[in-house]
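Structural description and commentary
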Amino acid sequence: MKKEIIISGFGGQGVLSMGKILAYSGLMDQKEVTWMPAYGPEQRGGTANVTVIVSDDKISSPILSKFDIAIVLNQPSLEKFEPKIKPGGILIYDGFGIINPPTRQDITVYRIDAMDRAAEMKNAKVFNMIVLGGLLKVCPVVSSDGVEKALRKTLPERHHDMIPLNMQAVAEGGKIIQRIS
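Anyway, here's the lowdown on the structure attached to this text. (Residues numbered from 1 in each chain as written. Predicted model: local features only at pLDDT ≥ 70, side-chain atom pairs only at ≥ 80, totals over all residues. Heavy atoms only, no water.)

**Regarding the sheet that holds strand β3 (residues 47-55)**
We count it as follows: By the convention used here, strands pair only if DSSP detects at least 2 bridges between them. Secondary structure elements are defined from DSSP: runs of H or I of at least 4 residues count as helices, runs of E of at least 2 residues count as strands, and each element is numbered from the N terminus. Contacts: residue pairs with any heavy atoms within 4.5 Å of one another. For helices, the axis comes from a line fit to the C-alpha atoms of the stretch in contact; other axes are also lines fit to C-alpha atoms, and the angle between any two N-to-C directions lies between 0 and 180 degrees.
The strand order across the open sheet formed by 7 strands is β2-β3-β1-β4-β5-β6-β7, and the pairing between neighbours is mixed. Looking along the sheet, the strands with just one partner apiece sit at the ends: β2 (32-39) and β7 (178-179). Note that strand β1 (residues 2-10) and strand β4 (residues 67-72) share 4 bridges and pair parallel. Within β4, the residue paired with I6 across the bridge is A70. Helix-sheet contacts for helix α1 (residues 15-28) involve β1, β2 and β3, and the interaxial angle to β2 is about 170 degrees. Together, β4, β5 (85-94) and β6 (108-112) form the strand contacts of helix α4 (residues 127-138), whose direction differs from that of β6 by roughly 145 degrees.

Structural data, given as structure tokens:
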């Protein structure tokens, strides 16, 4: 198994941390991983994306031009990365940030209303974990146990009391993701 994933959105949406948690989860599951962030000079509000590769075998290069999975959290990211998904790949988008939905017919498209669910949970900071939960529902590249271990590794100890809420958000994402086409 090898999945090449791009996660993209505005700075401040948790794009880079979602990628980092996904990569650490892969490590916790004894997989080979790469994590390669990219963001504009203004982190909050500017565009940000991260490429994550999770594989059972060695990874030859972290540089990609096509992706198995794209997670897009705003319109500019959809416009940039929808054409770069391999035929037969997966596109996941948050309904809140997309005005013109995806149009490709040769990929599987999922919508997740993570921003709405985060508001219902009264914590905007779990938005990215809801999206991660949606990804893991449609393509379980890492285990839930790996995610929990990754949160322990990546979150400062003073925030470990937030791990149960984050794991609840992952579970919620798995419940609300919907296949569109």
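**With respect to α1**
The criterion, for reference: Take the number of residues in a helix, subtract one, and multiply by 1.5 Å to get its expected span. Residue exposure (1.4 Å probe, protein chains only): buried if accessible area is under 20% of the type maximum, exposed if over 50%, otherwise partly exposed.
Taking 1.5 Å per residue, 14 residues should reach 20 Å; α1 reaches 20 Å between its end C-alpha atoms and fits that length. Within α1, burial applies to V15, M18, G19, I21, L22, A23, S25 and G26. Structurally, α1 contributes buried residues whose contacts are with β1, β2, β3, α4 and α5 (144-154).

**So, unusual backbone geometry**
Positive phi values are uncommon outside glycine, yet Q30 reaches one of about 65 degrees. Along the chain, Q30 turns up in the loop between α1 and β2. Phi at K122 is positive, roughly 60 degrees, even though this residue is not glycine. Along the chain, the position of K122 falls in the loop between α3 (114-120) and α4. Note on K122: relative accessible area 74%, which makes it exposed.

**So, the packing of α1 against α4**
Any two packed helices are characterised by the angle at which their axes cross and by the distance between the axes. To keep things clear, this is the line we draw: Should an angle fall under 35 degrees it is taken as roughly parallel, and over 145 as roughly antiparallel, whereas 65 to 115 is taken as roughly perpendicular and any remaining angle as oblique. Should the near helix be turned counterclockwise from the far one by less than a right angle, the crossing is left-handed, whereas a clockwise turn marks it as right-handed. Residues are grouped as follows: Ala, Val, Leu, Ile, Met, Phe, Trp, Tyr, Cys and Pro are nonpolar; Asp, Glu, Lys and Arg are charged; every other residue, Gly included, is polar.
Following both chains from N to C, one finds α1 and α4 inclined at 45 degrees, their axes separated by 9 Å at the closest point. The orientation of α1 with respect to α4, classified from their angle, is oblique. Helix-helix and strand crossings are classified by hand; for α1 and α4 the assignment is right-handed. Residues S17, M18, I21 and L22 of α1 pack against N128, M129, V131, L132 and L135 of α4. When grouped by side-chain class, the residues that make up the contact of α1 with α4 number 7 nonpolar, 2 polar and no charged.

**A closer look at the nonpolar core**
Stated formally: As used here, the term nonpolar core means buried Ala, Val, Leu, Ile, Met, Phe, Trp, Tyr and Cys residues forming a set that is joined through side-chain atoms within 4.5 Å.
By size, the foremost hydrophobic cluster in this structure holds 40 residues, and its most contacted members are L22, I130, L132 and V147. Sorting elements by how many residues they give to this core places α4 first, with 7 residues. Not counting residues up to four positions away in its chain, the partners in contact with L22 are I5, I7, V52, L132, L135, V141 and V142. Counting residues in each nonpolar core, the second largest holds 12 residues, with A70, I85, Y93 and I107 among its members.

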